[in-house]
Amino acid sequence: MYSTTFATALGEFALVWTDCGVRRVFLPGGEPSEIAGRMAKLGAEPAEPDRTISALLDQIEDYAEGEEVDFSAVSLDLTGVPDFHRRCYDILLTIGWGKTTTYGDMARQLGDVGLSRAVGQAMGANPIPLIIPCHRVLAAGNGAGGFSAPGGTSSKRVMLALEGVSMGAPPGQMQFAF
């Protein structure tokens, strides 16, 4: 398992990969020592990215600058990810740039609207955020829902804004239509 960190317009990202594909993405906002510790705990050794990983880093940098990026061709290594979570991620991988879905819609696609909470748990456990675009999953009524990455729902709003998606006023603020 290999790792690297790299700077973007959004901050410092970290990436872990194997010969099978991307295993982890760490979004900006965590302390560098914490992220290094998490990568080491995974058994990831710092490495020079190969051509494929370098191209992915370029895509992530482009995304952070607001350019439309399609990550659908990225190879993923979902070793150890539970089957239900994989099914959720398969649905997410069909939600393109600037599009959103809801926890309830995903649960219905999985066969039972009662699975909405389980869908939320799968989003919170997503090992490859951005590439598996959990930021595109909203609560009912177009609300932010949760986001377990550093910065919480503020980070989610920034990512969606880069894609041209507006969720309305953050909680506690009013919108005026003049």
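Preceding this section is the structure that the text describes.
Now for a description of the structure that goes with this document. Computed from a predicted structure; not experimentally measured. (Residues numbered from 1 in each chain as written. Predicted model: local features only at pLDDT ≥ 70, side-chain atom pairs only at ≥ 80, totals over all residues. Heavy atoms only, no water.)

Turning next to the overall build of the protein. Along the protein, the regular secondary structure elements total 6 helices and 6 strands. In the protein, the order of α-helices and β-strands from amino to carboxyl end is β-β-β-α-β-α-α-β-α-α-β-α. Within the span of the protein, comprising 178 residues, buried residues form 42% of the whole. (Helix = DSSP H or I, 4+ residues; strand = E, 2+ residues; numbered from the N terminus. Buried < 20%, exposed > 50% of the residue type's maximum accessible area, 1.4 Å probe, protein only.)

This part covers the pairing of strand 3 (residues 21-26). A regular strand carries its side chains on alternate faces of the sheet. In terms of burial, strand 3 is largely enclosed, as 5 of its 6 residues are buried. Looking at chain direction, strand 2 (residues 11-18) and strand 3 are connected through 5 bridges and run antiparallel. The partner of Val16 across the bridge, within strand 3, is Arg24. Count of turn residues in the strand 2/strand 3 antiparallel hairpin: 2 residues. (Pairing = 2+ DSSP bridges.)

What follows covers helix 3 (residues 83-92). Looking only at helix 3, the buried set comprises His85, Cys88, Tyr89, Ile91 and Leu92. In an axial view of helix 3, the angular spread of the buried residues amounts to 155 degrees, which keeps them on one side of the axis. Its buried side turned inward, helix 3 meets helix 4 (103-109), helix 5 (116-124) and strand 6 (137-138). (Arc of directions from axis to C-beta. Contact = heavy atoms within 4.5 Å.)

Another point: the packing of aromatic side chains. Tallied over the entire structure, the rule returns 4 aromatic pairs. Taken together, a centroid distance of 5.7 Å and an interplanar angle of 20 degrees make the contact between Phe6 and Phe13 stacked. Both residues of the pair, Phe6 and Phe13, count as buried. Consider the rings of Tyr63 and Phe71, whose centres lie 6.4 Å apart with planes at 45 degrees: the pair is tilted. A single burial state applies to Tyr63 and to Phe71, both of which are buried. A connected cluster of aromatic rings, assembled from ring pairs, spans Tyr63, Phe71 and Trp97. (Phe/Tyr/Trp six-rings, centres within 6.5 Å; stacked < 30°, edge-to-face > 60°.)

Sheet architecture is open: 4 strands sit in the order 3-2-1-4, paired in mixed fashion. In this open sheet, the two edge strands, each paired with only one partner strand, are strand 3 and strand 4 (45-46). Along the sheet face, helix 2 (residues 51-64) touches strand 1 (2-8), strand 2 and strand 3 and points at about 30 degrees away from the line of strand 1. (Axes fitted to C-alpha atoms, helices over the stretch in contact; angles between N-to-C directions.)

Let's shift gears to the pattern of salt bridges. Inspection of the entire model under this criterion finds 4 salt bridges. Its salt-bridge partner being Asp105, residue Arg108 comes within 2.8 Å of it at the nearest N-O pair. Here Arg108 pairs with Asp105, and both are found in helix 4, just 3 residues apart, close to one helical turn. Assessed through its relative accessible area of 32%, Asp105 is described here as partly exposed. Of the charged contacts, one joins Arg136 and Glu163 as a salt bridge, the two residues approaching to 2.8 Å between their closest N and O atoms. (Salt bridge = Lys/Arg side-chain N within 4 Å of Asp/Glu carboxyl O.)

Any link to function would need more than the numbers given here.
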